[in-house]
Amino acid sequence: MPTSRSKAAPFARYALGLWFLGIAALGFVRFFMKAFADHSFQPTIDAWLWLAGSVVMVIAGVFAIALEARKSRLTR
C-alpha cells in the first residue's frame, strides 16, 4: 500500500528539487574545470554558459523544494 504524501521520507518528498541541485553541483564543477583549464582563471563563453545553467538549476531546485514544503505544510 502506498504511503501518504505527508508521511513519505524527506528524500522522497523533495526528490525533484534535490535532483535539480545535484545537476547544478555538477554544472558548477564543470564551470570550474573549464575556467581553470590552464591553471589560471580564463573562462570561455561555454564556461559562463555552464555557470548560468547551474544558477538556473539552483533556482529551480530551491523552488521545487519550497513548493513541496509548502504543500506538505498545508496538508497537515
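Residues numbered from 1 in each chain as written. Predicted model: local features only at pLDDT ≥ 70, side-chain atom pairs only at ≥ 80, totals over all residues. Heavy atoms only, no water.

## Description of the packing of aromatic side chains
Applying the stated rule across the entire model yields 7 aromatic pairs. Look at Phe-31 and Phe-41: their rings are 6.5 Å apart centre to centre, the planes differ by 70°, and that puts the pair in the edge-to-face class. One end of the pair, Phe-31, is in helix 2 (residues 15-35); the other, Phe-41, is in the loop between helix 2 and helix 3 (45-74), with 10 residues separating them in the sequence. When the ring of Phe-32 is compared with that of Phe-36, the centres are 6.2 Å apart and the planes differ by 15°; the resulting orientation is stacked. Judged by its relative accessible area of 38%, Phe-36 falls in the partly exposed class. Three or more aromatic residues joined by ring pairs form one cluster here, namely Phe-31, Phe-32, Phe-36, Phe-41 and Trp-48. (Phe/Tyr/Trp six-rings, centres within 6.5 Å; stacked < 30°, edge-to-face > 60°. Helix = DSSP H or I, 4+ residues; strand = E, 2+ residues; numbered from the N terminus. Buried < 20%, exposed > 50% of the residue type's maximum accessible area, 1.4 Å probe, protein only.)

## Remarks on the pattern of salt bridges
The full count for this structure, using the stated rule, is 1 salt bridge. The partner of Asp-46 in a salt bridge is Lys-34, with the nearest N and O atoms 3.0 Å apart. In this pair, Asp-46 is assigned in helix 3 and Lys-34 in helix 2, connecting sequence segments 12 residues apart. Looking at Lys-34, the relative accessible area reads 24%, which means it is partly exposed. (Salt bridge = Lys/Arg side-chain N within 4 Å of Asp/Glu carboxyl O.)

## A few points about a nonpolar patch on the surface
Side chains of Phe-32, Phe-36, Phe-41, Ile-45, Trp-48 and Leu-49 sit close together on the surface and give an oily, nonpolar patch of about 660 Å² of accessible area. Counting residues per element, the nonpolar patch draws most heavily on helix 3, at 3 residues. As for its placement among the helices and strands, Leu-49 is situated in helix 3. A residue is classified by how much of its surface remains accessible, and Leu-49, at 56% relative accessible area, is exposed. (Patch = residues over 30% accessible without salt bridge, like charges linked within 9 Å, V, L, I, M, F, W, Y side chains within 5 Å. Areas by Shrake-Rupley, 256 points an atom, 1.4 Å probe, with all protein chains shown as cover.)

## A closer look at helix 2
With 21 residues, helix 2 ought to run about 30 Å at 1.5 Å a step, and its terminal C-alpha atoms sit 30 Å apart, in line with that. Regarding helix 2, the residues found buried are Gly-17, Phe-20, Ala-24, Gly-27, Phe-31 and Ala-35. The arc that holds the buried residues of helix 2, viewed along the axis, is 75°, so those residues lie on one side. Opposite the buried face of helix 2, at more than 90 degrees from it, the exposed residues are Trp-19 and Leu-26. (Expected span 1.5 Å × (residues − 1). Arc of directions from axis to C-beta.)

## Regarding the environment of Trp-19
As for its position among the elements, Trp-19 is in helix 2. In this structure, the C-alpha to C-alpha distance between Trp-19 and Gly-61, residues 42 residues apart in sequence, is 7.4 Å.

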